[in-house]
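Structural description and commentary
Spelled out from the first residue to the last, the chains are:
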Amino acid sequence: MKIDAISVFPEMFDSLNHSLIGKAIDNQLIEFQALNPREFTTDVHKTVDDSPYGGGAGMVMKPEPLGQALDKLVDDRTVVIFPSPAGKLFDQATATKLSNKKHLVFVCGRYEGIDQRVIDYSATKAETLELSIGDYVINGGEMASVVMIEAISRLIPGVIGNSESLVEESHQDGLVEYPSYTKPASWNGLDVPEVLLSGNHAEIAKWRRQQQVERTEKNRPDLI
């Protein structure tokens, strides 16, 4: 998969160079680059924002640099993603769908957001999505993009060494994941549940499923 990000802070994507995603990039399972829209400005200050029409606080990212960056990156296999608190909720099903695409472009807003015409223009060139990672606001689209890129990339075959671990994770079946334990069997007066020490795989599977249901009811009742 090829992944591009358009951002005035491309260094914020350096975290992708570590751990399993970094290995996937090294092994060419994923091709990633971050493009700074300041490269497409023509003034001495490399201006990428301006005051909003209609008044209001803050600045809005200008359409010209972002539009030219999109022109450079987008082709007929591209899906363009605008991280936005106003977007549809990004979930595991969306991550799974996007993991099957050939090329993703994340357009990262800053300040008070992106001129709406950039999103409208993108929709004329490629499949375009506005996605939110949650009902809160952060300072820009970079960290939201990193979250989505990691969630998507780990579903690409070969990125995760043990593919079976993906099957049992939270949200794969509409429930959160069951709790996990390792050695020692007793720690600080807290013991591993006996069923996990029993060797009875049917009872273990039954216990884990029940834990999923109970945990989901407690922490994410909206999923029930």
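Residues numbered from 1 in each chain as written. Predicted model: local features only at pLDDT ≥ 70, side-chain atom pairs only at ≥ 80, totals over all residues. Heavy atoms only, no water.

Attention now moves to the overall build of the chain. Of regular secondary structure, the chain possesses seven helices and nine strands. Considering only C-alpha atoms, the chain reaches an extent of 70 × 40 × 35 Å along its principal axes. Out of the 224 residues belonging to the chain, those deemed buried represent 39%. Contacts in the chain between residues far apart in sequence, at least 24 positions, make up 75% of those at least 6 positions apart. Accessible surface, the chain: about 13200 Å² in total, of which carbon and sulfur atoms supply 50%. Of note, the chain has its 22 positive side-chain charges centred 3 Å away from the centre of its 33 negative side-chain charges. (Helix = DSSP H or I, 4+ residues; strand = E, 2+ residues; numbered from the N terminus. Buried < 20%, exposed > 50% of the residue type's maximum accessible area, 1.4 Å probe, protein only. Contact = heavy atoms within 4.5 Å. Areas by Shrake-Rupley, 256 points an atom, 1.4 Å probe, with all protein chains shown as cover. Lys, Arg positive; Asp, Glu negative; His and termini not counted. Charge placed at Lys NZ, Arg CZ, Asp CG, Glu CD.)

For the structure shown, the criterion picks out one aromatic pair. Ring plane angle 40° and centroid distance 5.6 Å describe the contact between Phe13 and Phe32, whose orientation is recorded as tilted. Remark: Phe32 occurs in strand β2 (residues 31-35) and Phe13 occurs in the loop between β1 (2-6) and α1 (19-26); sequence separation between them is 19 residues. (Phe/Tyr/Trp six-rings, centres within 6.5 Å; stacked < 30°, edge-to-face > 60°.)

All right, on to the sheet that holds strand β7 (residues 127-132) then. The parallel open sheet is built from five strands, whose spatial order is β2-β1-β6-β5-β7. The open sheet terminates on both sides in strands that have one partner only, identified here as β2 and β7. The sheet shows a mean angle of 25° between the axes of neighbouring strands, direction not considered. Taken together, the seven bridges between strand β5 (residues 78-89) and β7 define a ladder with parallel strand orientation. (Pairing = 2+ DSSP bridges. Axes fitted to C-alpha atoms, helices over the stretch in contact; angles between N-to-C directions.)

This part is about unusual backbone geometry. With an omega of 5°, the peptide bond between Lys183 and Pro184 qualifies as cis. In this structure, Ser19 is a non-glycine residue whose phi angle is positive, near 55°. Within the secondary structure, Ser19 is located in helix α1. On the basis of relative accessibility, which here comes to 58%, the residue Ser19 falls in the exposed class.

Now for the packing of helix α2 (residues 63-73) against helix α4 (residues 116-125). Contact geometry of α2 with α4 gives a least axis separation of 10 Å together with a crossing angle of 20°. As the angle between them shows, α2 and α4 are arranged roughly parallel. As α2 runs across α4, the sense of the crossing is right-handed. Residues Pro63, Leu66, Gly67, Leu70 and Asp71 of α2 pack against Arg117, Val118, Tyr121, Ser122 and Lys125 of α4. (Parallel < 35°, antiparallel > 145°, perpendicular 65-115°, else oblique. Left-handed = near helix turned anticlockwise from the far one by under 90°.)

Inspection of the sheet shows β1 paired to β2 by five bridges, in the parallel sense. Among the inter-strand pairings, Ile3 is bridged to a residue of β2, identified as Phe32. Once you follow β1 into α1 and on to β2, the crossover reads as right-handed. (Right-handed = clockwise from strand over helix to strand, strands pointing away.)

On to the pattern of salt bridges, then. Pairs may arise between side chains of opposite charge once their charged atoms sit close together. Applying the stated rule across the entire model yields seven salt bridges. Among the salt bridges present, the one from Arg77 reaches Asp75, with a minimum N-O distance of 3.4 Å. Among the residues examined, Arg77 registers a relative accessible area of 38% and is labelled partly exposed. Judged by its relative accessible area of 31%, Asp75 falls in the partly exposed class. Taking the shortest distance from any N to any O, the salt bridge between Asp115 and Arg117 comes out at 2.7 Å. Asp115 gets classed as buried once you look at its relative accessible area, which sits at 15%. (Salt bridge = Lys/Arg side-chain N within 4 Å of Asp/Glu carboxyl O.)

Take the nonpolar core next. If you look at the biggest cluster of nonpolar residues, it comprises 27 residues, and the most contacted ones within it are Phe106 and Ile152. Broken down by secondary-structure element, the contributors of at least two residues to this core are β1, α1, β5, α3 (92-98), β6 (103-107) and α5 (142-153). For this core, the element with the highest residue contribution is α5, accounting for six residues. In contact with Phe106, not counting residues within four places along its chain, are Ile3, Asp4, Ala5, Ile6, Ile81, Pro83, Ser145, Met148, Ile149 and Ile152. (Core = buried A, V, L, I, M, F, W, Y, C linked by side-chain atoms within 4.5 Å.)

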